[in-house]
Amino acid sequence: MSITTIRNMASASTIAGQKIYNAQKETLGKVEDVVLDLDNGKVAYVVLSFGGFMGMGDKLFAVPLQALTPDSKDECFHLDITKEKLENAPGFDKSNWPTTYDETFMKSVYSHYGVTP
């Protein structure tokens, strides 16, 4: 499914599975999911899955939506980060997702990508 935007809007199901590339045109992973901040009615972060094989051993990383640049032509997103910096980003594993708001975790996520919440 292509990234279709209407006035800079896209459904979460549309962006799920879209690949994410860095400036060096290396594949960083794909959009696994979108986490919503229901109290504030905003996207908290996008979940990027990186590494592994056929879904096994993937690492999950929280990436602020503001750090991603949509590319509707190539149906992907761009993230200005090296693979090495991504590997050191705040993340979690598939069996241990953050379930409540953790201010320290969220600050570390936004700080890592140089984005203001």
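Notes on the environment of Val-115
Here is step 1: You can see Val-115 is positioned in the segment after helix H3 (103–112).
Here is step 2: Considered as a pair, Val-115 and Gln-66 are 49 residues apart in the sequence and their alpha carbons are 6.9 Å apart.

Topic: the nonpolar core
Here is step 1: Grouped together as the largest cluster of nonpolar side chains are 29 residues, with contacts concentrated most on Ile-20, Tyr-45, Leu-48, Leu-79, Leu-86 and Tyr-113.
Here is step 2: Going through the elements one at a time, strand E2 (27–37), strand E3 (42–50), strand E4 (59–63), strand E6 (76–79) and H3 are the ones with two or more residues in this core.
Here is step 3: Examining the composition of this core, we find that six residues originate from one element, E3, more than from any other.
Here is step 4: Residues in contact with Leu-48, not counting those within four places in the same chain, are Ile-20, Leu-28, Gly-29, Lys-30, Lys-59, Leu-60, Phe-61, Val-63, Leu-79 and Leu-86.

A look at the sheet that holds strand E7 (residues 91–92)
Here is step 1: Strand order in the open sheet formed by seven strands is E5-E6-E1-E2-E3-E4-E7, and the pairing between neighbours is mixed. Unpaired on one side and paired on the other, strand E5 (68–71) and E7 mark the two borders of the sheet.
Here is step 2: Each of E3, E4 and E7 is contacted by H3, which is oriented at about 70° to E3, the strand it contacts most.

Let's talk about a nonpolar patch on the surface
Here is step 1: Taken together, Leu-36, Leu-38, Val-43 and Leu-65 make up a surface patch of nonpolar side chains, about 380 Å² in accessible area.
Here is step 2: Considering the arrangement of structural elements, one finds Leu-38 in the loop between E2 and E3.
Here is step 3: Residue classification places Leu-38 among the exposed residues on the basis of a relative accessible area of 74%.

So, H3
Here is step 1: For H3, the full list of buried residues reads Phe-105, Met-106, Val-109, Tyr-110 and His-112. One face of H3 carries all of its buried residues, which in axial projection span an arc of 165°. Opposite the packed face of H3, turned more than 90 degrees from it, sit the exposed residues Thr-104, Lys-107 and Ser-111.
Here is step 2: The opening residue of H3 is Asp-102, an N-cap whose side-chain oxygen sits 3.1 Å from the backbone nitrogen of Thr-104.
Here is step 3: Count one or two residues on from H3 and you reach Gly-114, which has phi positive near 65°.

A closer look at the packing of aromatic side chains
Here is step 1: Considering all chains together, one arrives at five aromatic pairs under this definition.
Here is step 2: Aromatic pair Tyr-45 and Phe-105: ring centres 6.2 Å apart, planes at 75°, arrangement edge-to-face. Of this pair, Tyr-45 sits in strand E3 while Phe-105 sits in helix H3, and the two are 60 residues apart along the sequence. The same class applies to Tyr-45 and to Phe-105, which are both buried.
Here is step 3: One aromatic cluster is present, built from ring pairs that chain together Tyr-45, Phe-92, Trp-97 and Phe-105.

Criteria and thresholds
Residues numbered from 1 in each chain as written. Predicted model: local features only at pLDDT ≥ 70, side-chain atom pairs only at ≥ 80, totals over all residues. Heavy atoms only, no water. Helix = DSSP H or I, 4+ residues; strand = E, 2+ residues; numbered from the N terminus. Core = buried A, V, L, I, M, F, W, Y, C linked by side-chain atoms within 4.5 Å. Buried < 20%, exposed > 50% of the residue type's maximum accessible area, 1.4 Å probe, protein only. Contact = heavy atoms within 4.5 Å. Pairing = 2+ DSSP bridges. Axes fitted to C-alpha atoms, helices over the stretch in contact; angles between N-to-C directions. Patch = residues over 30% accessible without salt bridge, like charges linked within 9 Å, V, L, I, M, F, W, Y side chains within 5 Å. Areas by Shrake-Rupley, 256 points an atom, 1.4 Å probe, with all protein chains shown as cover. Salt bridge = Lys/Arg side-chain N within 4 Å of Asp/Glu carboxyl O. Arc of directions from axis to C-beta. Polar contact = N/O pair within 3.5 Å; in protein donor to acceptor, adjacent residues only side chain to side chain. Phe/Tyr/Trp six-rings, centres within 6.5 Å; stacked < 30°, edge-to-face > 60°.

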